[in-house]
Amino acid sequence: MELQPGREAVVRVAVATLWSCPEAVRPVDRPALDPHADVAAWISGMDPDQQVGDCVLSQLLFGERVLVTTLRPDGWAHVVAVEQAAATLDPRGYPGWLPTAQLAPLAADDPRGEAAPWVVDATVTALRAAPAGEPVVAGVVLGTRLAPAGPPADGWRPVHAPGHDRPLWLPDNHLVPLPTEPPPARDVLAVATRLRDVIYVWGGVSAYGIDCSGLVHLAWRRFGVLLPRDAADQALATTPLPLGAERPGDLYFFARPGRRIHHIGFVSAEPDADADRRLLHACYQHRRVLEEVMPADRTATLVGVHRV
């Protein structure tokens, strides 16, 4: 099968970056455009200003589904990321561009077309050709959903892998079943806390680099809950609470007067007697994920607290 406009495909690399347009990519972005998408090398090769370039829209994880809308002869595909809601951009999902080499066709009878019942719980892992064998897909990250391809063996589990005819393997203890019930918010907060000190990357949705709404999206994705991709859409998809009623795992939203929501973070502790609020977030100013008492500039733009 080949990629075709109007049909779904799946991401075949550990982390694929969604670009605003092919012409916007920079020389420093070359590792992320590779058919194997070396995102770790890409992020480590950028300076702090390049890490917040607006050419990046979002990122997609291994096996994530997209709708292909356009194929260009120069090796680029315009897609809609159907698992990342973005109502203000496209009712079908988040639109953007990917190298076609990072996609694999999705057959109508492919098990990856169904919701995969397993999810990666390790921060980073690798898919291997055989148990304890050589890595075939390195850098698979937390929150990646996978479909089993048979029973485990000697502590390893086989999974279906886009773009590969044979199953690939990863340690069984790097996977957990997707919950069948909504998780407690504290459990989601605990996953987000594991990403503390991850570098801030505009559009990032991985353990290599992440932005504020990406942190929220990825932590909930680990439990099978697909929140929208951007902070403003996440506010519309969650339930407002009175300030003071927040509990750990709820969400703080921030906006400047007369502007749309521009920032989001997790409530990391109940407010104390002095109404000090603690926040876990991917912080643009500090260029990393951190947990802190909400600083004055954040308090001044705090517009609400919501619950998933």
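Residues numbered from 1 in each chain as written. Predicted model: local features only at pLDDT ≥ 70, side-chain atom pairs only at ≥ 80, totals over all residues. Heavy atoms only, no water.

Engineer: Help me get a handle on the packing of helix α3 (residues 185–193) against helix α4 (residues 212–221), residues and values and all.
Structural biologist: For any two helices packed against each other, the geometry is given by the interaxial angle and the distance between the axes. Close contact between α3 and α4 brings their axes to 9 Å; oriented N to C, the two are set at 120°. In this view, α3 runs oblique relative to α4, as classed from their interaxial angle. Once α3 is placed against α4, the crossing between them reads as right-handed. Every residue of α4 that contacts α3 at V188, V191 and A192 is listed here: L215, A219 and W220. (Axes fitted to C-alpha atoms, helices over the stretch in contact; angles between N-to-C directions. Helix = DSSP H or I, 4+ residues; strand = E, 2+ residues; numbered from the N terminus. Parallel < 35°, antiparallel > 145°, perpendicular 65-115°, else oblique. Left-handed = near helix turned anticlockwise from the far one by under 90°. Contact = heavy atoms within 4.5 Å.)

Engineer: Requested: an account of empty space enclosed by the protein, with residues and values cited.
Structural biologist: The tally for this structure, following the rule as stated, stands at one cavity of 30 Å³ or more. In this structure, the largest cavity occupies an estimated 50 Å³ of space. Lining the largest cavity, in full, are M1, E2, L3, Q4, R7, E8, A9, V68, P105 and L106. For the lining of the largest cavity, the per-class residue count stands at six nonpolar, one polar and three charged. (1 Å grid on protein atoms, 1.4 Å probe; cavity = no way out; pocket = protein on both sides within 12 Å on 5 of 7 lines; lining within 4 Å. Points joined across faces, edges and corners; volume = space filled by probe spheres on them. Nonpolar A, V, L, I, M, F, W, Y, C, P; charged D, E, K, R; others polar.)

Engineer: Please set out the pattern of salt bridges residue by residue, giving values where relevant.
Structural biologist: All chains considered together, the criterion is met by 19 salt bridges. Close ionic contact of R65 with E83 constitutes a salt bridge, the shortest N to O distance being 3.8 Å. Here R65, found in strand β4 (residues 65–71), pairs with E83, found in the loop between β5 (76–81) and β6 (94–99); they are 18 residues apart in sequence, far enough to count as distant. Residue E83 is classed as buried on the basis of its relative accessible area of 8%. As a salt-bridge pair, R145 and E83 come within 1.9 Å of each other at their nearest N and O atoms. (Salt bridge = Lys/Arg side-chain N within 4 Å of Asp/Glu carboxyl O. Buried < 20%, exposed > 50% of the residue type's maximum accessible area, 1.4 Å probe, protein only.)

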